[in-house]
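Coordinates in review
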Amino acid sequence: MSDAALPTSHADGHDDHGQGHAHDPNLAHHFDTMEQQFDTGKLGMWIFLGTELLMFGGLFCAYAVYRSNHPEVFLYAHSYLNTTMGAINTAVLLASSLTMAWGVRCSQINKNFGLVVCLLLTLLGGAGFMVIKGIEYNSKFEHHLAPGLHNEYSVGFTGDGKTNAEGEKKFKEDLAKIAPATIQPEGLARTPATPYAYLDPNASGGDAAKITPKYAFDSALVATHHVATTPTEAAHADAAHGSMPFTDLNNQLSRQRVNTFFGIYYCMTGLHGIHVLVGMGLIFWILYRASNTAQRLWIPPLLPLFVGGYLIFIGVISHVGAFHYVGIPIGILGVLWLGLRLVGITGPKTEVVGEFSEAYYAPVDLIGLYWHLVDLIWIFLFPLLYLIHGKIGS
Amino acid sequence: MRSTPSIFREQVTGAPATEIHDSHGKHHVHAVSPLILVGVFAVLMVLTIITVAVTKVDFGYQANMIVALAIACVKAFLVIAYFMHLRYDSLFYTAIVGICIVFIGVFIITTTLDTDQYQPLLAPTPVTAAP
């Protein structure tokens, strides 16, 4: 487990302009010095990170506009999000950021074994994040809160997650009833106490008078946010009384707005999840380069890890417990095997020597920057999506 | 402490490659100390706990969001400055990030100001008429 450094220079075979002038094998020919190469790479990565920030900035702008226009929708719909899982995800991503930064440090001081361990831990953190996200998404899909029309708050929803000709027809009828409602008499203030006279209160059909909490967190929301549950209460719900003016969820206009919240949620967290996966792929590439070119100690244990992980995934999707019982032990076996190989107890006795050293650590540094950006975006996503609270109008 | 990127320093341009001697151009490698890394991580975890805990207190709908965003900004600053190494790098990179943040701010603030003007025109939240 010693830390060997690559030689920083050696004579190579190709033309050195007849001066005995040697250069680092990692120096590309269109650069004059290693320093120039490094600084150019760093500039390129920071410009790219700037474009990523601007892209997510656009999404945050959509969030800001929609939330400022429909605060009650956000207050209601966010109760479907599991705050605990979101917080755990934040902690996991922060820890993976720490291990990534530590890995960069290891590469800078020629500690290659430390680098490999740190990169593996970062990969583990990223995988853990995606697993928790998958659990969250899965539970949402089960509750008919998927994106688009497969969402029970979507006007075209027919109950089984699929749309059909009847659902389309109903959607058009509902829309015809909703459309006239968007024409505002001049000077109509945005106060819920004004009866919405030109919208037939029975248009939605069925029980429009009372909210029936369907899930546990619905009850909690009703209990803590003073949501009006009867039409009389709703008529008096306004800012002065600190009540939530948003009442009748059977009303089609309101239901559509909840669907849009989930659209924003899935777009932002989904795109972020894709960035996590891309980052994990890049880290895997760096890990490969950082390991001994002759023997990659950690590749054989990956097989049980992948098999176990895939079985667990099948178990989650199909809800068959047997897959879990088989997949989890296989996965644990893979992790143990990996750990033993890394610390040198099992496996071929060889140093972990790789491409990176004090002279050339740029890829580790730059991919570390990308990973930190992924963490940064989640730092903002978490409070904005998961931690919405307060009384409207206060 | 902060080094100037070589792209800004005067290059030996126009000279044939044979005259460049220090191709190893070893710049000062600054590795962040593990103490700082762990310390920043600890502060980030504490701030995360505070972010969740502060939801128990109600400052008002608008203020709640501002408080949460303020804590998020502190966390973001720590990640950018220490994990992403900007604290020790040339100010040029800080300028890039700063300019991006300024333009994101312009985008969100002007759009929000604009949409606020349309509040009176929004369809009021529907309320079923009293029976």
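Residues numbered from 1 in each chain as written. Chains lettered and ligands numbered in written order. Predicted model: local features only at pLDDT ≥ 70, side-chain atom pairs only at ≥ 80, totals over all residues.

Some details on the overall build of chain B
Scanning chain B from terminus to terminus reveals three helices and zero strands. In chain B, the succession of helices and strands from N to C terminus is α-α-α. Burial statistics for chain B: of 131 residues in total, 19% are counted as buried. (Helix = DSSP H or I, 4+ residues; strand = E, 2+ residues; numbered from the N terminus. Buried ≥ 20, exposed ≤ 12 C-beta atoms within 10 Å, placed from the backbone.)

Structural notes on the overall build of chain A
Within chain A, the regular secondary structure consists of 11 helices and zero strands. In chain A, the succession of helices and strands from N to C terminus is α-α-α-α-α-α-α-α-α-α-α. Here chain A holds 394 residues, and the buried ones make up 36% of them. Within chain A, residue pairs in contact and separated by at least 24 positions form 67% of the contacts whose partners lie at least 6 positions apart. (Contact = placed C-beta atoms within 7 Å.)

A look at the nonpolar core
If you look at the biggest cluster of nonpolar residues, it comprises 74 residues, and the most contacted ones within it are Leu115, Leu119, Ile377 and Leu381 of chain A. Residue assignment for this core shows that the elements contributing at least two residues are helix H1 (34–69), helix H2 (71–77), helix H3 (83–108), helix H4 (112–142), helix H8 (252–290) and helix H11 (362–386) of chain A together with helix H1 (34–53) and helix H2 (61–83) of chain B. The biggest single contributor to this core is H11 of chain A, with 17 residues. For Leu381 of chain A, the residues in contact, after removing those within four places along its chain, are Met268, Thr269 and His272 of chain A. (Core = buried A, V, L, I, M, F, W, Y, C linked by C-beta atoms within 7 Å.)

Topic: the packing of H1 of chain B against H2 of chain B
All names here are of chain B. In contact at an axis separation of 10 Å, H1 and H2 are set at 165° when each is read in the N-to-C sense. Judged by the inter-axis angle, H1 sits roughly antiparallel to H2. As H1 runs across H2, the sense of the crossing is left-handed. The segment H1 lies against H2, with Ile36, Val40, Val43, Leu44, Leu47, Ile50 and Thr51 engaging Ala68, Ile71, Val74, Lys75, Leu78, Tyr82 and Phe83. Looking at side-chain class alone, the contact of H1 with H2 contains 12 nonpolar, one polar and one charged residues. (Axes fitted to C-alpha atoms, helices over the stretch in contact; angles between N-to-C directions. Parallel < 35°, antiparallel > 145°, perpendicular 65-115°, else oblique. Left-handed = near helix turned anticlockwise from the far one by under 90°. Nonpolar A, V, L, I, M, F, W, Y, C, P; charged D, E, K, R; others polar.)

Focus: the packing of H3 of chain A against H11 of chain A
Residue and element names in this part refer to chain A. Where H3 contacts H11, the axes come no closer than 9 Å and their chain directions differ by 160°. As far as their axial angle goes, H11 and H3 are roughly antiparallel. Considering how the two elements wind past one another, H3 and H11 form a crossing that is left-handed. From H3, Thr83, Gly86, Thr90, Leu93, Leu94, Ser97, Met100, Ala101, Gly103, Val104 and Ser107 reach across to H11, where they touch Val364, Asp365, Gly368, Trp371, His372, Asp375, Trp378, Phe382 and Tyr386. Taken together, the residues of the contact of H3 with H11 sort by class into 10 nonpolar, eight polar and two charged.

Quick look at the confidence of the model for chain A
Residue and element names in this part refer to chain A. In the predicted model, chain A carries a mean pLDDT of 72, and 62% of its residues have values of at least 70. Per-residue pLDDT stays below 50 along residues 178–229; that stretch engages in 86 contacts with residues further than four places along the chain or on separate chains. Low pLDDT, under 50, characterises residues 238–253; the stretch is placed with 58 contacts to residues that sit more than four places away or in other chains. (pLDDT = per-residue confidence, 0-100.)

Some thoughts on the environment of Ala81 of chain B
Residues and elements named next belong to chain B. By the element assignment, Ala81 lies in helix H2. Since 15 C-beta atoms lie within 10 Å of it, Ala81 is described here as partly exposed. The spacing of Ala81 and Thr115 is 34 residues in sequence and 34 Å in space, taken between C-alpha atoms. Dropping the residues within four chain positions of it, Ala81 is found in contact with Leu86 and Arg87.

Quick notes on the domain arrangement of chain B
Looking at chain B, the domain boundaries give domain 1 (33–84) and domain 2 (90–115). For domain 1 of chain B versus domain 2 of chain B, the separation of C-alpha centres amounts to 20 Å. (Domains from an automatic or database assignment.)

Focus on H1 of chain B
Here H1 of chain B contains 20 residues, and its C-alpha end-to-end distance of 28 Å stays within 8% of the 28 Å for a straight helix at 1.5 Å per residue. In this fold, the buried residues of H1 of chain B make contact with H3 and H11 of chain A together with H2 of chain B. (Expected span 1.5 Å × (residues − 1).)

Overview of H11 of chain A
For H11 of chain A, which comprises 25 residues, the first-to-last C-alpha distance of 36 Å matches the rise-based estimate of 36 Å (1.5 Å per residue) to within 8%. Burial within H11 of chain A is extensive, with 22 of its 25 residues counted as buried.

A word on the confidence of the model for chain B
All names here are of chain B. With 75% of its residues at a pLDDT of 70 or more, chain B has an overall mean of 80. Ignoring residues within four places in sequence, the model shows residues 14–26, a span with pLDDT below 50, making 17 contacts including any to other chains. Low pLDDT, under 50, characterises residues 125–131; the predicted model gives this stretch 30 contacts beyond four residues in sequence or across chains. Both confidence scores are given for the complex: pTM 0.74, ipTM 0.84.

What to know about the environment of Tyr370 of chain A
Residues and elements named next belong to chain A. Of note, Tyr370 is situated in helix H11. What makes Tyr370 partly exposed here is the crowd of 19 C-beta atoms within 10 Å. The spacing of Tyr370 and Leu49 is 321 residues in sequence and 7.0 Å in space, taken between C-alpha atoms.

Considering unusual backbone geometry
If you check the backbone angles, Asn110 of chain A has positive phi at about 65° while not being a glycine. Positionally, Asn110 of chain A belongs in the loop between H3 and H4. On the basis of neighbour count, Asn110 of chain A is assigned to the partly exposed category, with 17 C-beta atoms found within 10 Å. One non-glycine residue with positive phi stands out, namely His85 of chain B, at about 75°.

Some remarks on the environment of Thr111 of chain B
Inspection of the secondary structure puts Thr111 of chain B in helix H3 (residues 91–116). Not counting residues within four places of it along the chain, the set of residues in contact with Thr111 of chain B comprises Cys61, Ala64 and Val65 of chain A.

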